[in-house]
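An overview of the molecular structure
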Amino acid sequence: MGTPRNSSSLAERVEELLAPGGPLPIAEAGDPVLRRAAEPFDGQLPPALLARFVEALRLTMHAAPGVGLAAPQVGVGLRIAVIEDPAPVPEEVRVARGRVPQPFRVLVNPSYEPVGEAPAAFFEGCLSVPGWQAVVARPARVRLRATDEHGLAVDEVFSGWPARIVQHETDHLDGVLYLDRAESRSLSSSRAVAELWAQPTPERAAAALGFELPGPAA
Ligand code: ZN
């Protein structure tokens, strides 16, 4: 697992974070921890503590509720994220957005690259930007390289909504928020999205709010 740097202090901070039990506080936009590149995980947390930390991320993600959570969102600057999406959506939404269920996964040291040219643009939100959503055009398919929580290599192509989740969470580890990639004119309160823009695709929102959607898939 390499030679941990500052491992005792980071492990101690995570121990303190986990001590109260229950969901962890989530950092919100404006907190510098969300803008720093997280450091690669290299054994800074011993295995038992890593397992407890991952479980706390899962608990916090469920409680929010959300479909992904990255370690910096709970103030820990390590390249670790969790994802899970039961995808409780209507059939037409599932088809339009490719929102298929994504089982729980732990992504350690993830990176991704686009597969093909086709972008997909949909409203997206973030637990660190509560109350708001915006349309983000992202590659519809990505190749993810990572390891799992046991150090086993992951090299896998994701598509549809799981591809969006993987990109969003990996971006967090680079200090990138979805707003950095969003169509700023699409910015909508969660209430506006629920009342006006719940269609399977954001075409009506684009026409009404005046933003561009990517052209037909290449
Ligand atoms: Zn987020």
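Residues numbered from 1 in each chain as written. Predicted model: local features only at pLDDT ≥ 70, side-chain atom pairs only at ≥ 80, totals over all residues. Heavy atoms only, no water.

**Notes on the environment of H150**
Along the chain, H150 turns up in the loop between β6 (141-147) and β7 (153-159). We classify H150 as exposed; its relative accessible area is 64%. For the pair H150 and P47, spaced 103 residues apart in sequence, the C-alpha separation works out to 8.5 Å. (Helix = DSSP H or I, 4+ residues; strand = E, 2+ residues; numbered from the N terminus. Buried < 20%, exposed > 50% of the residue type's maximum accessible area, 1.4 Å probe, protein only.)

**Some thoughts on the pairing of β7**
For β6 and β7, the ladder comprises seven bridges, and the chain directions are antiparallel. Bridge assignment links A146 to a residue of β7, and that residue is V154. Linking β6 back to β7 in an antiparallel pair, the connection comprises five residues, with G151 at a positive phi of about 90 degrees. (Pairing = 2+ DSSP bridges.)

**So, the side chain of R138**
On the secondary structure map, R138 appears in strand β5 (residues 132-139). Among the polar contacts made by the side chain of R138, one reaches the side chain of E124 at a distance of 2.8 Å. Engagement of the side chain of R138 in a polar contact is seen with the side chain of D171, the distance being 3.1 Å. Every residue in contact with R138, bar those within four places of it in the chain, is listed here: Y112, A118, P119, A120, E124, R164, Q167, H168, D171, Y178 and R181. (Polar contact = N/O pair within 3.5 Å; in protein donor to acceptor, adjacent residues only side chain to side chain. Contact = heavy atoms within 4.5 Å.)

**Considerations on the coordination of the zinc ion**
Each protein donor to the zinc ion is listed here as C126 (SG), H168 (NE2) and H172 (NE2); together their distances run 2.1 to 2.2 Å. Read in sequence order, the donor residues coordinating the zinc ion give the pattern C-x41-H-x3-H. You can see C126 sitting in the loop between β4 (119-125) and β5 and its partner H168 sitting in helix α4 (residues 160-173), a full 42 residues away along the chain. Each of the two residues, C126 as well as H168, counts as buried. (Donors = N, O, S within 2.8 Å, 3.2 Å for Na, K, Ca; no water.)

**Overview of the nonpolar core**
Ranked by size, the top nonpolar core spans 23 residues in total, and within it L45, F53 and I80 carry the most contacts. If you list the elements that add at least two residues to this core, you get α1 (7-18), α2 (47-63), β2 (80-85) and β3 (102-114). Of the residues forming this core, the biggest block, seven residues, is contributed by α2. Grouped together as the second largest cluster of nonpolar side chains are twelve residues, L107, F122, A163 and V166 included. (Core = buried A, V, L, I, M, F, W, Y, C linked by side-chain atoms within 4.5 Å.)

**Quick look at α2**
For α2, which comprises 17 residues, the first-to-last C-alpha distance of 24 Å matches the rise-based estimate of 24 Å (1.5 Å per residue) to within 8%. Residues of α2 that are buried: L49, L50, F53, V54, A56, L57, T60 and M61. All buried residues of α2 project into a common sector of 160 degrees when viewed along the axis, lining one side. Facing away from the buried surface of α2 by more than 90 degrees, the exposed residues are P47 and A48. (Expected span 1.5 Å × (residues − 1). Arc of directions from axis to C-beta.)

**A few points about the pattern of salt bridges**
For side chains bearing opposite charge, pairing can occur when the charged atoms are close. The final tally for this structure, using the stated rule, is 14 salt bridges. Here R99 and D85 are joined by a salt bridge, their closest N and O atoms 2.9 Å apart. On the criterion of sequence distance, the pair formed by R99 in the loop between α3 (91-97) and β3 and D85 in strand β2 is long-range, its members being 14 residues apart. Owing to a relative accessible area of 2%, D85 belongs among the buried residues under this scheme. Note that D171 and R181 form a salt bridge whose closest N and O atoms lie 2.7 Å from each other. Here the residue D171 occupies a position in helix α4, and R181 occupies one in the loop between α4 and β8 (188-189), the gap between them amounting to ten residues. Among the residues examined, R181 registers a relative accessible area of 41% and is labelled partly exposed. Three or more residues joined by partner-sharing salt bridges are found here, namely E124, R138, R164, D171 and R181. (Salt bridge = Lys/Arg side-chain N within 4 Å of Asp/Glu carboxyl O.)

**A word on the sheet that holds β8**
Pairing is antiparallel across the open sheet formed by three strands, whose spatial order is β4-β5-β8. Looking at strand neighbours, the two that pair on one side only are β4 and β8, the edges of this open sheet. By the bridge criterion, two bridges tie β5 to β8 in an arrangement that is antiparallel. When the bridges of β8 are listed, Q133 appears paired with S188. Most of the contacts of α4 go to β4, to which it runs at about 65 degrees, and overall it touches β4 and β5. (Axes fitted to C-alpha atoms, helices over the stretch in contact; angles between N-to-C directions.)

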